[in-house]
Structures are given as structure tokens and as C-alpha cells.
Amino acid sequence: MNTKIVRSKSAVKQPKINVITLGCSKNIYDSEVLMGQLRGNNLNVVHESDKMGKDDIVVINTCGFIDNAKQESIDTILQFSELKEAGKIGKVVVTGCLSERYKPELESEITNVDAFFGTNDLQNILHELGANYKHELIGERLLTTPSHFAYFKIAEGCNRPCSFCAIPLMRGKHMSKPMEELVNEAKILAKNGTKELILIAQDLTYYGLDLYGVRKLDELMRRLSDVPGIEWIRLQYAYPSGFPMEILDAMNERDNICNYLDMPLQHITDNMLKSMRRGTTKQKTIDLVNQIRDKVPNIAMRTTLICGYPGETEYDFEEMKEWVAETKFDRLGCFTYSHEEKTHAHSLVDDIPDEVKQQRVDDIMEIQQGISFDINQEKVGKTFKVLIDKKEGDFFVGRTEFDSPEVDNEVLIDAATGYAANGSFVNVKVDRAEDFDLYGKIV
């Protein structure tokens, strides 16, 4: 009797789709939405994996905001296009702000990229990757952050006319997301263990004007505050002109809305603010900061500034230094001016040498370092609620409600003195403070 031997065909290994994210938290959010859709299509998706096979697909989500970010994006595209050329990966797909802004130039210069997409091309990217856009997945994301916190984008684009900023060129006009959609997304995140929502947009304070005819950030904050499981809500990127003071009422009313506000002010002298087209003045800015602090006395305010904008005189810079020293922001970041094509400021002469720009940034940050040290010294002996983000070396690392991840202070707890699980809240008594770090013990 002849016996027929049947050998099963080994399953064809599905190629991985490796998503690489460059730039800001808004790009992180976009990558997470893309990956949620890909996973929902039963595709094998990973984030920034080092292990890649010859059939794998790389999707690069680029940043095009300032020169350094553009260069990093270009270098990353070239790196992966060379791997494709060498037969080490299968396809390279580019999306995000850089390819929204420079798609024709990129297509002509880097010819072995399989496809370039802009910032609002989600359905087309999915089609390129063999997937379909699934409406039922709205609100579903594949988090790249630790599961206990999530960036929470409430709007896209910007209507502000700031002279130095290319974001409207890359992201378009302001579009608020419907409130019901956002509340639903928050509920999904909370069910999956997210405790902190970090609200992001190009301009949070504009939320609702386009959809409802009035600003509705305060109502959104309260609706999100009501979602079971959400213990912290944090505001990033509030614009000073037309600032809706009612959001401070919501902050005071709700324990789970952090006393924290990130408001990029960019400069302080009247002639710089006017040239930057910020829609405000030095006195209005000072008054606004004072009003916010009066209304929420325990608030931590973060700002960002630009040094070396066209026409910034030594007098302008000295005035800004003096204001920084007087105002004593809890958190402050500072950047050198980047001369961006097609912005209003590009018509001005980029007349401040790079080394002067950098020296001015260094001078501002030196002032801020002293301010931060003094503010932190006042926290010694006090106890704070801390959210644990990770264990690093011999320390558990967490944050108070006054600190956003990546950009602000951290609280370090010696692992030999106590245990804290990632994503848990603990009370920490601060026993030592440095410029940008607090040290303490769990109590």
C-alpha cells in the first residue's frame, strides 16, 4: 500500500510594519492612531523596533518644524532608504509634517522611498499598507507611552498668524474634535489603565470656536474630569491672546485637573511681540500671568521663549532677561530662532548670528536654573502626590502634578528605601532638591 506523505506548507511570515516617530507629542498621537488602525486590520505593527527583516515596512512620521528637526527627519529617511537599497528592509513610507511641507522636493531628491504622505492622509497611508480605515476604531490607539499616561489631542491645525511659525502650512486651519468623540476616547483609555490625560493641540484655548461658535475648553475639561479612572488632566499649549479665564474655574473646582499650565509666550518686548504677530503686548502678558496666578495660587506655569528673532536688539534681550528673572516661571524652555520658508518672518533679515542666538538661550536658561533651584528648595520637607513613570537604575522616577513628562522636573525615590509600581500614585516627602530634580521617600 502506498502511503502519501503530506507536508504542510509553513505559514508565510507576515512582514512587520515598523513605525518611527520624530518630533512632538502631536506626532506621537498620530502614530498611535495609525498603529491602532493597523492592529485593527490584523497587521503586525511595532514602534521603533531595532529588529527588522528584509520584507518589513518602515513608516517614518516626520517633523518639519525647525531646522534641527527637519535635518533629523531627512537623516532618518536616508538611513532607512539605504537599508532598503541594501535589501535589508522591504518598503519605506514617509508621512508627517516634513512631507506635508516639502513633498515635491523629497520625491525628487530621495527617489527610492515608496510613498510620501502629508499630515491628514491617514486613509491613504492605510491603503498603501494594505489596510482599510475602520470607523469603529475611532478612539482606539496603540500607546507608545507607558499605559498610565497618554497624550490627548483635542484639535488639529492653527488659525493664529504668528510670523515665525510654519505649523499652519503643515497642519492647516484649526479643527476641533467633537466633544463626544473625545469623551469616548478618554473612556477607552481609562478602561485600559490610563490615569493621566495630557491635553495637546496647536492651541488648546481655541477649542470649540469652530464647531460650537464659542470656546468650550472648560466644558471639555469638566466632561473629561467626570470619566472614571482619570486622575490627572494636564493642559499643554495654551495661547495667551483671548485666553479663556473660565478654564481656571474648572481647575479650581476639580481635584483631578492639575494646577499646571503650559503657555508659550515667545517674547516680552512690545516691538518683538508686534513683529511676531502675537496679538498681545508686554503689559497684557504681565497682567495675564498675574491674573492666572491670582486665580489659581498653587499653579505651576511653564513657558517657552525664542532668542534671536530678526531685529532682536541687545535691549530687547536684556528686557526679556529682566522679565524672566522677575516673573519666576516654574518651568521654562528656550529656543534659538529658526528662519522658516513661507512664514511671514522669512521676509525679514535673519540678522542675529547663530553663536549670539545660542549665547542668549544659554543666558536665559542660566537664570531659569537659579529660579528652578530656589523653587525646588521650598519643596524640601513637604509631601507631594507623585505618579511613578519608571524605574531607572537605583531609583523609581515619578512626577508631581506640576510636571509634564520629558520636559519638566522629576522626583527620584531611592529603590532601597521603598517600592512603587509603575503607574501608581504614592505620597513622597521631599528631603533633597537640585536644579531640576527632587529626591524623597515614600510616606
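Residues numbered from 1 in each chain as written. Predicted model: local features only at pLDDT ≥ 70, side-chain atom pairs only at ≥ 80, totals over all residues. Heavy atoms only, no water.

(A) Spatial organisation of the overall build of the protein. A tally of regular secondary structure across the protein gives 13 helices and 18 strands. Taken over C-alpha atoms, the radius of gyration comes to 24 Å for the protein, in line with the 22 Å a tight globule of 443 residues would show. Expressed as a percentage of the 443 residues in the protein, the buried residues total 52%. For the protein, long-range pairs separated by at least 24 residues make up 74% of all intrachain contacts whose partners lie at least 6 apart in sequence. (Helix = DSSP H or I, 4+ residues; strand = E, 2+ residues; numbered from the N terminus. Rg over C-alpha atoms; globule rule 2.2 N^0.38 Å. Buried < 20%, exposed > 50% of the residue type's maximum accessible area, 1.4 Å probe, protein only. Contact = heavy atoms within 4.5 Å.)

(B) Fine view of a nonpolar patch on the surface. Among the surface-exposed residues, Leu 211, Tyr 212 and Val 214 lie close enough to one another that they form a single nonpolar patch of about 250 Å² accessible area. Its location among the elements puts Val 214 in the loop between helix 7 (209–212) and helix 8 (217–225). (Patch = residues over 30% accessible without salt bridge, like charges linked within 9 Å, V, L, I, M, F, W, Y side chains within 5 Å. Areas by Shrake-Rupley, 256 points an atom, 1.4 Å probe, with all protein chains shown as cover. Salt bridge = Lys/Arg side-chain N within 4 Å of Asp/Glu carboxyl O.)

(C) Structural context of the sheet that holds strand 6 (residues 149–153). Read from one edge of the open sheet, 6 strands run 6-9-10-11-12-13, paired in parallel fashion. Of all strands in the sheet, those with a lone pairing partner are strand 6 and strand 13 (331–336), marking the two edges. Pairs of neighbouring strands in the sheet enclose a mean axial angle of 20°, with direction left out of account. Of the pairings in the sheet, the one linking strand 11 (residues 257–262) to strand 12 (residues 300–307) comprises 3 bridges and is parallel in character. Residue pairing for strand 12: Tyr 260 is matched across the bridge by Ala 300. Against the sheet, helix 1 (residues 25–40) engages strand 6 and strand 9 (196–200), with an angle of about 95° to strand 6. Across the face of the sheet, helix 8 comes into contact with strand 6, strand 9, strand 10 (232–235) and strand 11 while running at roughly 160° to strand 10. (Pairing = 2+ DSSP bridges. Axes fitted to C-alpha atoms, helices over the stretch in contact; angles between N-to-C directions.)

(D) Spatial organisation of the UniProt feature "domain: TRAM" (unreviewed entry) in the protein. With numbering aligned to this structure, UniProt lists the feature "domain: TRAM" (unreviewed entry) at residues 377–443. Taken end to end, residues 377–443 comprises 1% helix and 52% strand; its first and last C-alpha atoms sit 19 Å apart. (UniProt positions renumbered as here; feature names shortened; annotations may be inferred.)

(E) Here's a closer look at the side chain of Ser 424. The topology assignment puts Ser 424 in the loop between strand 16 (410–414) and strand 17 (425–433). For Ser 424, a relative accessible area of 17% gives the class buried.

(F) Representation of the domain arrangement of the protein within the structure. By the assigned domains, the protein splits into domain 1 (17–135), domain 2 (145–378) and domain 3 (382–442). Computed from C-alpha coordinates alone, the two centres of domain 1 and domain 2 are separated by 28 Å. Facing the 18 residues of domain 1 at the interface are 20 residues of domain 2. Taken together, the two surfaces of domain 1 and domain 2 that pack against each other cover about 1,800 Å², and 51% of this comes from carbon and sulfur. Of all residues in domain 1, Lys 26, Tyr 29 and Arg 101 bury the most surface against domain 2, accounting for 39% of the area lost on that side. Of the charged contacts in the structure, one is a salt bridge between Lys 70 and Glu 340, with a shortest N-O distance of 2.8 Å. (Domains from an automatic or database assignment. Buried area = accessible area lost by both parts, 1.4 Å probe.)

(G) The arrangement of the pairing of strand 11 in detail. For strand 11, the tally of buried residues reaches 6 of 6 residues, placing the bulk of the element in the interior. Taken together, the 2 bridges between strand 10 and strand 11 define a ladder with parallel strand orientation. Residue Leu 235 lies in a different strand from strand 11, and its bridge partner there is Leu 261. As for the winding sense of the linkage, the β-α-β connection from strand 10 through helix 9 (residues 246–253) to strand 11 is right-handed. (Right-handed = clockwise from strand over helix to strand, strands pointing away.)

(H) Layout of the side chain of Arg 399. If you trace the backbone, Arg 399 turns up in strand 15 (residues 395–399). Relative accessible area serves as the criterion here: at 2%, Arg 399 is assigned to the buried category. Here Asp 403 takes part through its backbone oxygen, which lies 3.0 Å from a polar atom of the side chain of Arg 399. Those residues in contact with Arg 399, other than ones at most four positions away along the chain, are Phe 149, Glu 196, Trp 232, Arg 234, Lys 385, Val 386, Leu 387, Asp 389, Ser 404, Pro 405, Asn 409 and Val 411. (Polar contact = N/O pair within 3.5 Å; in protein donor to acceptor, adjacent residues only side chain to side chain.)

(I) Geometry of helix 9. Listing the buried residues of helix 9 in full gives Ile 247, Leu 248, Ala 250 and Met 251. Each buried residue of helix 9 sits inside an arc of 155° when the element is viewed along its axis, so together they form one side. (Arc of directions from axis to C-beta.)

(J) Spotlight on the nonpolar core. By size, the foremost hydrophobic cluster in this structure holds 53 residues, and its most contacted members are Ile 154 and Leu 199. It is helix 6 (residues 179–191) that contributes the most residues to this core, 6 residues altogether. Apart from residues lying up to four places away in sequence, Leu 199 is in contact with Phe 152, Ile 154, Leu 204, Leu 217, Leu 224, Ile 233, Arg 234, Leu 235 and Gln 236. In terms of nonpolar packing, the next biggest core, distinct from the first, is built from 18 residues, Ala 300, Ala 420, Val 426 and Val 428 among them. (Core = buried A, V, L, I, M, F, W, Y, C linked by side-chain atoms within 4.5 Å.)

(K) Up close: the packing of helix 6 against helix 8. Between helix 6 and helix 8, the shortest axis-to-axis distance is 10 Å and the interhelical angle comes to 30°. When the axis of helix 6 is compared with that of helix 8, the two are roughly parallel. In this structure, helix 6 crosses over helix 8, and the sense of that crossing is right-handed. Mapping the contact onto sequence places Met 179, Glu 180, Leu 182, Val 183 and Ala 186 in helix 6 and Glu 219, Leu 220, Arg 223 and Leu 224 in helix 8. Class assignment of the residues belonging to the contact of helix 6 with helix 8 gives a composition of 6 nonpolar, no polar and 3 charged. (Parallel < 35°, antiparallel > 145°, perpendicular 65-115°, else oblique. Left-handed = near helix turned anticlockwise from the far one by under 90°. Nonpolar A, V, L, I, M, F, W, Y, C, P; charged D, E, K, R; others polar.)

(L) Up close: helix 8. Looking only at helix 8, the buried set comprises Leu 217, Asp 218, Leu 220, Met 221, Leu 224 and Ser 225. Taken around the axis of helix 8, the buried residues stretch over an arc of 160°, which confines them to a single face. For helix 8, the elements touching its buried residues are strand 6, helix 6, strand 9, strand 10, helix 9 and strand 11.

(M) Broad picture of the environment of Ala 190. Following the sequence through the fold, Ala 190 ends up in helix 6. In this structure Ala 190 comes out as buried when scored by relative accessible area, which is 16%. C-alpha of Ala 190 to C-alpha of Arg 360: the two residues are 170 residues apart in sequence and 43 Å apart in space. Residues within four places of Ala 190 in sequence aside, it is in contact with Val 227, Pro 228 and Ile 230.

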